[in-house]
Amino acid sequence: MTDPTTSPGVRADVWLWAARFFKTRSLAKQAIDGGKVELNDATCKPAKLVHVGDTLRINRGEERLACVVSALSEKRGPASEAQKLYVETEESVAERARRKEDRRLTGGALLRPDSRPDKHARRLIQDLKKTL
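All of these numbers come straight from a predicted model, not from anything done at the bench.

(A) Examining the pairing of strand β6 (residues 63-69) more closely. Inspection of the sheet shows strand β5 (residues 55-60) paired to β6 by 6 bridges, in the antiparallel sense. Looking at β6, one finds that Arg57 is bridged to Ala66. Linking β5 to β6, which pair antiparallel, is a turn of 2 residues; within it Gly61 sits at a positive phi near 65 degrees.

Here is the structure:
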């Protein structure tokens with residue numbers, strides 16, 4: 001394994017975009033600035049260089065991913081190529097499967113109404129939104 005200090009690296013926001021974790025570089029940068037991405041168990045900045053072998057923890061909404069960088073790229077390619085840039089850890093895969101099963105069993109914890117609100121209910125909802 002090469003020394004990370006001498007090996008070339010790629011900016012974290014560029015790599016996250018190229019690996020298709022985020023649709024745009026701007027969204028990747030916002031996620032990093034918002035503390036949703038950790039590089040080697042430490043906070044990260046968008047310009048931080050990512051090297052092969054680094055560990056990334058990514059939070060996207062309800063989804064939590066932990067992966068190891070296996071290749072570097074500055075260009076966004078097809079999804080099949082992007083999946084070769086990282087390897088998701090076994091713990092992360094197991095945790096995501098467990099969370100998915102929990103959401104399936106609880107129905108996503110959403111209480112859906114039986115029908116659309118009528119005129120009276122809609123006005124009550126609008127009034128409630130105005131007070132908030």
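(B) Up close: the side chain of Asp13. With respect to the element layout, Asp13 can be found in helix α1 (residues 12-18). A polar contact of 3.4 Å, which involves the side chain of Asp13, links it to the side chain of Arg25. Excluding residues that lie within four positions of it along the chain, Asp13 makes contacts with Arg25, Ala28, Lys29, Ile32 and Pro46.

(C) Structural detail: the sheet that holds β6. Read from one edge to the other, the open sheet built from 5 strands follows the order β3-β2-β5-β6-β7, with strand pairing classed as antiparallel. Two strands close off the open sheet at either side, each with one partner strand: β3 (42-43) and β7 (86-88). Across 3 bridges, β6 lies against β7 in antiparallel orientation. Its bridge partner being in β7, Cys67 is matched across the sheet by Glu88. Set on the sheet, helix α4 (residues 90-106) makes contact with β6 and β7; between it and β6 the angle comes to about 165 degrees.

(D) Quick look at the environment of Thr106. Relative to the elements of secondary structure, Thr106 occurs in helix α4. In the structure, Thr106 is positioned 42 residues away from Arg64 in sequence and 19 Å away in space, judged by C-alpha atoms.

(E) The arrangement of the pairing of β5 in detail. Of the pairings in the sheet, the one linking strand β2 (residues 37-39) to β5 comprises 3 bridges and is antiparallel in character. Its bridge partner being in β5, Leu39 is matched across the sheet by Leu56.

(F) Quick peek at the packing of aromatic side chains. One pass over the structure, following the stated rule, counts 3 aromatic pairs. Here Trp15 and Phe21 contribute two aromatic rings whose centre-to-centre distance is 6.0 Å and whose plane-to-plane angle is 35 degrees, an arrangement assigned as tilted. Take Trp15 and Phe21: they sit in the same class, and that class is buried. With a centroid separation of 4.7 Å and 45 degrees between ring planes, the pair formed by Phe21 and Tyr86 is classed as tilted. Highlighted residues: Phe21 in the loop between α1 and α2 (25-33) and Tyr86 in strand β7, separated in sequence by 65 residues.

(G) Structural context of helix α5 (residues 119-131). Taking 1.5 Å per residue, 13 residues should reach 18 Å; α5 reaches 19 Å between its end C-alpha atoms and fits that length. When you tally the buried positions in α5, you get 0 out of 13 residues, a small fraction of the element.

(H) Fine view of the nonpolar core. Formed by 22 residues in total, the largest nonpolar core has its most connected members in Trp15, Leu16, Phe21, Phe22, Val37, Leu56 and Ile58. The element contributing the most residues to this core is α1, with 5 residues. In this view, Leu16 contacts Phe21, Phe22, Ala28, Ile32, Val37, Leu56 and Ile58; residues no more than four positions away in its chain are not counted.

(I) Main features of the environment of Lys29. Note on placement: Lys29 falls in helix α2. Setting aside its immediate chain neighbours within four residues, Lys29 contacts Asp13 and Pro46.

Criteria and cut-off values
- Along each chain, residue indices are assigned from 1 in the same order as the chain's sequence is written.
- Two thresholds apply to this predicted model, a pLDDT of at least 70 for residue-level local features and 80 or more for giving and counting side-chain atom pairs, whereas whole-chain, interface and lining totals are computed over all residues.
- As a convention, hydrogens and water are excluded, and side-chain values are obtained from all of the structure's heavy atoms.
- For two strands to pair, DSSP has to find at least two bridges joining them.
- In DSSP terms, a helix is any run of H or I states spanning at least four residues, a strand is any run of E spanning at least two, and both are numbered starting from the N terminus.
- In protein, a polar contact requires one atom able to donate a hydrogen and another able to accept it; more generally it is a pair of N or O atoms within 3.5 Å, and residues adjacent in sequence count only if both atoms are side-chain atoms.
- In what follows, a contact means two residues having at least one pair of non-hydrogen atoms within 4.5 Å.
- Simply put, an axis is a line fit to the C-alpha atoms, just over the touching stretch for a helix, and the angle between two N-to-C directions goes from 0 to 180 degrees.
- Classification of ring pairs uses Phe, Tyr and Trp, with its six-membered ring standing for Trp, and accepts pairs whose centres are within 6.5 Å; under 30 degrees between planes counts as stacked, over 60 as edge-to-face, and the remaining range as tilted.
- Only protein chains enter the calculation, and the probe is 1.4 Å; a residue is then buried if its accessible area is under 20% of its type maximum, exposed if over 50%, and partly exposed in between.
- Take the residue count of a helix, subtract one, and multiply by 1.5 Å to get its expected span.
- We call a set of buried residues a nonpolar core when its members are Ala, Val, Leu, Ile, Met, Phe, Trp, Tyr or Cys and they connect through side-chain atoms within 4.5 Å of each other.

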